[in-house]
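# Architecture at a glance
Listed here are the chains, written in short residue letters.
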Amino acid sequence: MSTSIRRIGIVGGGQMGAGIAEVCARAGLDTVVCEADATTARAARERVAVSLERAVQRGKLDRISAEDAQARLLFTGDLDDLADRQLVIEAVVENAEAKIEVFTALDKIVEDPEAILATNTSAIPVMRLGMATGRADRVVGLHFFNPVPVLPLVEIVTSLHTCDRVTAATEEFVRDTLGKTAIRSQDRAGFVVNALLVPYLLAAVRMAESGFATATDIDEGMVLGCAHPMGPLRLADLIGLDTVAAIAESLYAEFKEPLYAPPPLLQRMVQAGLLGRKTGRGFHTYGRD
């Protein structure tokens, strides 16, 4: 089944959605990216174009391949343009109500009853999103990691309703079509990676919040002392502090463990719009690309 998946839809053209769209287009797939309106659709197009050009400049992609990938991409502000898609991947803001709205709409719009509806959520239960549709057996989690064109992992998350054929097809698609590594997870908040990673990030936030050490010293301690490629607070900035907080809230809501609760400092930074790299300031300060 997955070898015949050639028409991909992406809902959301932000950092994650644009990255997923780029990977699909580079894999030779007919890819439609839907944003909220024409203006944000143009911004998503520019986001992908910049990423492809960066790959060319770094020698990771040749010019012809980059142009071919761009030719396979269509950007739209109309969700109805996803009607003929075989696989639609939702990548909107990490908010349950927003995602449920998307899945409710897709259930009515996507025509093929065999189409797969996937979510790139970091922590929201796949079951909850699937139940917003009349085809919960066709809903699965496909959790990519940022930056999508670089990181090779995708988590495949199955709910109690996801049928085995959908699970097998999505795993084959990830592995054979996109060339990435797939791991499977049960439908629990945080899945595999974030259930392990986020408590570590929150511990670093609490350490900075208490004045125990500076953000720079915390990060250097883990990079130089533990051979981590990036310190926890820089990683939180890269992920987006709003996303980290949303994942923490989902983890805490499900497990009620104190280590999952978002610290007050993280919540205040999100309220202040200090979200990390994407806003130019989080625990560290960043220049704009």
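Structure shown above.
Residues numbered from 1 in each chain as written. Predicted model: local features only at pLDDT ≥ 70, side-chain atom pairs only at ≥ 80, totals over all residues. Heavy atoms only, no water.

A few words on the nonpolar core. In this structure, Ile8, Ile20, Leu87, Ile89, Leu142, Phe144 and Phe173 are the most contacted members of the largest nonpolar core, which totals 39 residues. Ranked by residues supplied to this core, first place goes to helix α1 (residues 15-26) with seven residues. Those residues in contact with leucine 142 that sit more than four places away from it in its chain are Ile89, Ala118, Thr119, Asn120, Val154, Glu155, Ile156, Thr170 and Val174. With 23 residues, the next largest nonpolar core counts Ala123, Ile247, Tyr260 and Phe283 among its residues. (Core = buried A, V, L, I, M, F, W, Y, C linked by side-chain atoms within 4.5 Å. Buried < 20%, exposed > 50% of the residue type's maximum accessible area, 1.4 Å probe, protein only. Helix = DSSP H or I, 4+ residues; strand = E, 2+ residues; numbered from the N terminus. Contact = heavy atoms within 4.5 Å.)

A word on the sheet that holds strand β5 (residues 116-119). Taken together, the eight strands give an open sheet; going across it, the order is β3-β2-β1-β4-β5-β6-β7-β8, and neighbouring strands pair in mixed fashion. Of all strands in the sheet, those bounded by a partner on one side alone are β3 (73-76) and β8 (181-186). Recorded for the sheet is a direction-independent mean angle of 25° between the axes of neighbouring strands. In this structure, strand β2 (residues 30-34) lies alongside β3, joined through four bridges in parallel fashion. Directly across from cysteine 34, in β3, lies its bridge partner threonine 76. (Pairing = 2+ DSSP bridges. Axes fitted to C-alpha atoms, helices over the stretch in contact; angles between N-to-C directions.)

With respect to the helices and strands, the residue valine 33 is situated in strand β2. When its relative accessible area of 2% is taken as the criterion, valine 33 is described as buried. Sequence separation between valine 33 and leucine 160 is 127 residues; the distance between their C-alpha atoms is 29 Å. Each residue touching valine 33, except ones within four places of it in the same chain, is listed here: Ile10, Gly12, Gly13, Ala21, Leu73, Leu74, Phe75 and Thr76.

Okay, unusual backbone geometry next. Put simply, asparagine 146 and proline 147 share a cis peptide bond, and its omega is 0°. Within the secondary structure layout, proline 147 lies in the loop between β6 (139-144) and β7 (153-158). Non-glycine residue alanine 227 carries a positive phi angle of around 60°. By the secondary structure assignment, alanine 227 is in the loop between α8 (215-226) and α9 (232-239). For alanine 227, a relative accessible area of 67% translates into the label exposed. One non-glycine residue, lysine 256, lies in the positive phi region at around 55°. With respect to the helices and strands, the residue lysine 256 is situated in the loop between α10 (241-255) and α11 (264-271). On the accessibility criterion, lysine 256 (52% relative accessible area) is exposed.

Quick look at the packing of helix α7 (residues 193-210) against α9 now. Each pair of packed helices can be summarised by the angle the axes make with each other and by the distance between the axes. Close contact between α7 and α9 brings their axes to 9 Å; oriented N to C, the two are set at 115°. On the basis of the axis angle, α7 is roughly perpendicular to α9. The hand of the α7/α9 crossing is left-handed. Touching Leu197, Tyr200, Leu201, Ala204, Val205 and Ala208 of α7 are Pro232, Leu233, Leu235, Ala236 and Ile239, all from α9. Partitioned by chemical class, the residues of the contact of α7 with α9 number eleven nonpolar, no polar and no charged. (Parallel < 35°, antiparallel > 145°, perpendicular 65-115°, else oblique. Left-handed = near helix turned anticlockwise from the far one by under 90°. Nonpolar A, V, L, I, M, F, W, Y, C, P; charged D, E, K, R; others polar.)

A word on the pattern of salt bridges. Within this structure, the stated rule accounts for 14 salt bridges. Between arginine 63 and glutamate 53 there is a salt bridge; the shortest N-O distance is 2.5 Å. One end of the pair, arginine 63, is in helix α3 (residues 63-71); the other, glutamate 53, is in helix α2 (residues 38-57), and ten residues separate them in sequence. Here arginine 63 falls in the partly exposed class, since its relative accessible area comes to 38%. Residue glutamate 53 is classed as partly exposed on the basis of its relative accessible area of 29%. Three or more residues joined by partner-sharing salt bridges are found here, namely Arg7, Asp30, Asp84 and Arg85. (Salt bridge = Lys/Arg side-chain N within 4 Å of Asp/Glu carboxyl O.)

It is worth spelling out α10 at this point. With 15 residues, α10 should cover 21 Å at 1.5 Å per step; its first-to-last C-alpha distance of 21 Å lies within 8% of that length. Within α10 the residues assigned to the buried category are Leu241, Thr243, Val244, Ala245, Ala246, Ile247, Ala248, Ser250 and Leu251. Each element contacted by the buried residues of α10 is listed here: α7, α9 and α11. Residue lysine 256 follows α10 closely and has a positive phi angle near 55°. (Expected span 1.5 Å × (residues − 1).)

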